[in-house]
Amino acid sequence: MSSILRQTFVMTRANIFSLPRRLSISLSMVLSVALVVCVLAGFLAMAKGFETALQSAGSPSVSVVLGGGTNQETGSDIPASVIRTLQAMTGDIGVKRVGDGALVLSREMVVTVEVKPVGTDAGRTLALRGMDAAGAAIRDHVSLSDGRLFAPGAREIVVGDRLGREFGLRTGDSVRLGTVDWRVVGTFSAQGSAFESEIWADLDTVGAAFDRQGQVQSLRMRLAEPAALAVLTRELAAITTTPLIAVSEADLYAAQSERTASLIRLFGWPLSLLMAIGATAGALNTMMNSVSDRTVEIATVRTLGFSRLSASAATWIEAVLLAAVGVLLGLALSWLAFNGWQASTIGGNNARMAFQLAVTGDVMLRAGLLGLAIGVVGGALPAIAATRLPLATALRSRG
Amino acid sequence: MTTANHLEPYIQLSGISKAYAIGGETVPIFSSLDLKIPSGDFVAIMGPSGSGKSTLLNMLAGIDRPDAGCLRIGSSRLDQMGEAARASWRAHCMGIVFQFYNLLPMLTVAENVELPLLLKSLSARDRRGRVEKVLELVGLADRARQYPVSMSGGQQQRVGIARAIVADPALLLCDEPTGDLDRKSADEVLAMLRMLNREFGKTIVMVTHDPQAALHANRTLHLDKGAFIEERRAA
């Protein structure tokens with residue numbers, strides 16, 4: 001080990017061992033860094049959880065066709081003539097077909113309904129999706145957790161697992177949606193994705209119950225392969241003058257998640273940065289206090305021949321180490337407090353969408369780096385101050 | 001330990017001037033101060049407060065620089081050295097004993113004594129060997145693992161002396177080494193300095209207020225108003 005490293009090591013060690021002399025101010029620095037890290041990790045975990053819920057819902061092998069000049073299901077309308085024409089086409093339109101040549105397709109419509117969670121009076125807006133029988137199978141990673149799928153023509157619903165847990169809905173329960181009662185005949189899992197925030201029922205039954213007979217907002221189709229989306233887009237343009245767009249399910253949800261996740265980050269980062277500025281001022285104060293507390297020790301070792309660099313580096317290392325402790329504490333707290341925490345927001349169909357906060361590796365990395373930056377920036381000036389101690393004066397200020 | 005050559009003037013100050021700016025006013029400490037100390041000498045410097053004793057010691061230690069004049073120690077011109085060069089010179093050529101010991105309380109006795117050796121290219125084993133040797137010399141071999149706070153003032157000052165001599169410097173500077181000690185401890189410390197001077201040929205410059213401490217030196221220089229006004233040689 002080189003002399004300068006040995007000097008820095010021994011001075012850092014002396015700094016760390018002298019921390020009990022300035023315990024309260026050092027602890028306050030650790031806690032302020034922990035708070036900044038915890039808050040930022042919370043916001044980032046929220047954005048990450050929201051993104052995960054939506055992005056995992058989208059498959060590149062499924063196409064969503066929307067009409068009416070909108071890129072959301074709400075406000076979209078697919079004319080019946082278009083659906084009939086598509087179903088009558090026998091050539092390759094980029095969509096998978098079953099044994100009898102029929103397209104793997106689900107006509108769908110979303111209506112918002114108010115549901116009161118068990119034991120509460122306040123209703124919450126949820127998405128009730130009417131779909132064809134093929135609708136569940138078209139979606140990736142969807143499986144029944146309990147019961148069975150709804151029967152065509154019956155007032156039966158299946159409920160996403162996340163929604164079922166939150167609202168206390170179980171197979172066999174009856175729930176009023178709109179003006180009629182529906183029976184829960186099953187629950188489904190979609191690996192925690194946004195689908196689990198929906199209620200599914202037969203399209204025609206939903207249309208009848210909500211006076212929207214014959215209305216179709218979107219078509220979901222299983223593509224022959226992801227690249228076949230271009231074929232479908234071309235065929236749609238050829239069969240109608242109605243403005244229809246075909247997007248992959250993955251792109252549809254990615255776009256939805258991007259807007260909200262950006263909004264969450266837009267609040268999270270400035271708030272965390274403002275807090276970080278405050279914490280940096282705190283770190284600066286703590287480290288100035290540390291230099292002041294160790295004036296005689298620094299002056300003594302420098303009189304013995306220790307370099308300015310070792311005094312500076314040791315002060316800086318102390319700041320970064322204290323910040324690192326704050327980072328670890330903040331990350332541990334955020335993981336305990338936020339990871340897996342259920343949250344909800346208004347999703348793409350103006351209905352409630354539940355998701356799970358995710359304190360992932362990249363969330364920890366970003367929040368942790370901000371915390372370390374507080375130590376690096378807050379320790380810089382005191383590190384310089386440690387090198388500028390006038391030795392003769394410092395030695396006289398009895399330790 | 002090395003034995004110094006007694007014939008050459010080891011420390012030489014010629015025409016040294018030093019002034020401090022205090023409250024916008026320049027206060028002269030020395031003007032044209034001359035001093036020669038041969039190698040292997042033991043010199044006590046006495047004088048009233050404000051006479052410039054500490055400033056002189058700081059300049060000899062390379063932690064302060066004269067405004068003008070020549071300050072030579074051995075073959076080194078301290079007045080011409082930059083901060084880094086003076087730090088390196090301190091590490092290799094000088095040991096210092098402080099009035100209040102200036103031990104690092106969070107390090108053990110052995111670790112405190114080892115500090116100057118960290119600046120040298122020595123293996124951990126060699127450093128340990130040297131530390132053990134000097135602690136034995138100052139009679140604290142059995143206290144190596146203790147912390148300074150658990151020791152008396154006299155013992156702490158012996159640790160300070162061990163730290164000052166562990167790198168085997170030719171020059172030992174002592175700033176009121178007995179100023180914080182009772183008579184008995186002070187006499188032990190002074191006897192140790194005397195032994196280091198006589199047996200190991202260390203050149204020692206000691207600033208003190210204590211006339212009894214000064215009696216242990218070969219000669220005593222009285223400093224007043226920036227000039228040496230009297231010299232007393234030991235009988």
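Small disclaimer: the values here were computed from a predicted structure and weren't measured. (Residues numbered from 1 in each chain as written. Chains lettered and ligands numbered in written order. Predicted model: local features only at pLDDT ≥ 70, side-chain atom pairs only at ≥ 80, totals over all residues. Heavy atoms only, no water.)

### A word on the overall build of chain B
The helix and strand tally for chain B stands at 7 helices and 10 strands. Taken against the 2.2 N^0.38 rule, which gives 18 Å for 235 residues, the C-alpha radius of gyration of chain B at 17 Å falls within 12% of a compact globule. Scored against the burial criterion, the 235 residues of chain B give a buried share of 55%. For chain B, contacts bridging at least 24 residues in sequence account for 70% of all contacts bridging at least 6. Accessible surface, chain B as shown: approximately 10,000 Å² in total, 50% of it carbon and sulfur. On chain B, the mean spot of the 27 positive side-chain charges and the mean spot of the 26 negative ones are 4 Å from each other. (Helix = DSSP H or I, 4+ residues; strand = E, 2+ residues; numbered from the N terminus. Rg over C-alpha atoms; globule rule 2.2 N^0.38 Å. Buried < 20%, exposed > 50% of the residue type's maximum accessible area, 1.4 Å probe, protein only. Contact = heavy atoms within 4.5 Å. Areas by Shrake-Rupley, 256 points an atom, 1.4 Å probe, with all protein chains shown as cover. Lys, Arg positive; Asp, Glu negative; His and termini not counted. Charge placed at Lys NZ, Arg CZ, Asp CG, Glu CD.)

### So, the sheet that holds strand β2 (residues 25–38) of chain B
Residues and elements named next belong to chain B. Spatial strand order, β2-β1-β4-β5: 4 strands in an open sheet with antiparallel pairing. At either end of the open sheet lies a strand with only one pairing partner, and these are β2 and β5 (76–77). By the bridge criterion, 5 bridges tie strand β1 (residues 9–22) to strand β4 (residues 68–73) in an arrangement that is antiparallel. If you follow Ile11 over to β4, its bridge partner there is Ile73. (Pairing = 2+ DSSP bridges.)

### With respect to the packing of aromatic side chains
All names here are of chain A. In the structure shown here, the tally under the stated rule is 2 aromatic pairs over all chains. A ring pair is formed by Phe188 and Trp200, whose centres lie 3.9 Å apart and whose planes are at 15°; its orientation type is stacked. With Phe188 in strand β7 (residues 180–189) and Trp200 in strand β8 (residues 198–202), this residue pair connects regions lying 12 residues apart in the sequence. No difference in accessibility class separates Phe188 from Trp200, as the two residues are buried. When the ring of Phe195 is compared with that of Trp200, the centres are 6.1 Å apart and the planes differ by 65°; the resulting orientation is edge-to-face. A relative accessible area of 1% means that Phe195 is categorised as buried. The ring of Phe195 has Arg139 lying over it, and the distance from NZ or CZ to the ring centre is 4.9 Å. (Phe/Tyr/Trp six-rings, centres within 6.5 Å; stacked < 30°, edge-to-face > 60°. Lys NZ or Arg CZ within 6 Å of the ring centre and 35° of its normal.)

### Considerations on the sheet that holds strand β10 (residues 227–233) of chain B
All names here are of chain B. Pairing in this open sheet of 6 strands is mixed, and the strands run β6-β7-β8-β3-β9-β10 from one edge to the other. The open sheet is flanked by β6 (94–97) and β10, the only strands paired with a single partner. The sheet shows a mean angle of 20° between the axes of neighbouring strands, taken without regard to direction. Bridging between strand β9 (residues 219–224) and β10 involves 6 bridges; their strand directions are antiparallel. Note that in β10 the partner of Arg219 across the bridge is Arg233. Across the face of the sheet, helix α5 (residues 153–165) comes into contact with β6 and β7 (171–175) while running at roughly 170° to β6. (Axes fitted to C-alpha atoms, helices over the stretch in contact; angles between N-to-C directions.)

### Notes on the environment of Glu196 of chain A
All names here are of chain A. Within the fold, Glu196 resides in the loop between β7 and β8. For Glu196, a relative accessible area of 3% gives the class buried. Along the backbone, Glu196 and Ala53 are 143 residues apart, and their C-alpha atoms lie at a distance of 9.0 Å. Setting aside residues no more than four positions away along its own chain, Glu196 makes contact with Gly160, Asp161, Arg162, Leu163, Arg165, Phe188, Ser189, Ala190 and Gln191. A distance of 3.2 Å separates a polar side-chain atom of Glu196 from the backbone nitrogen of Arg162. (Polar contact = N/O pair within 3.5 Å; in protein donor to acceptor, adjacent residues only side chain to side chain.)

### Considerations on the domain arrangement of chain A
All names here are of chain A. Looking at the assigned domains, one finds that chain A contains domain 1 (3–56 + 255–396) and domain 2 (62–249). Distance from the C-alpha centre of domain 1 to the C-alpha centre of domain 2: 47 Å. Contact residues are listed per partner, giving 14 residues for domain 1 and 18 residues for domain 2. Interface area for domain 1 against domain 2, summed over the two sides, is near 1,300 Å², with a carbon-plus-sulfur share of 44%. At the boundary of domain 1 and domain 2, one finds 0 salt bridges. With 5 residues, the top contributor of residues to the side of domain 1 that touches domain 2 is strand β12 (residues 352–356). Classifying every residue of the side of domain 1 that touches domain 2 gives 6 nonpolar, 6 polar and 2 charged. (Domains from an automatic or database assignment. Buried area = accessible area lost by both parts, 1.4 Å probe. Salt bridge = Lys/Arg side-chain N within 4 Å of Asp/Glu carboxyl O. Nonpolar A, V, L, I, M, F, W, Y, C, P; charged D, E, K, R; others polar.)

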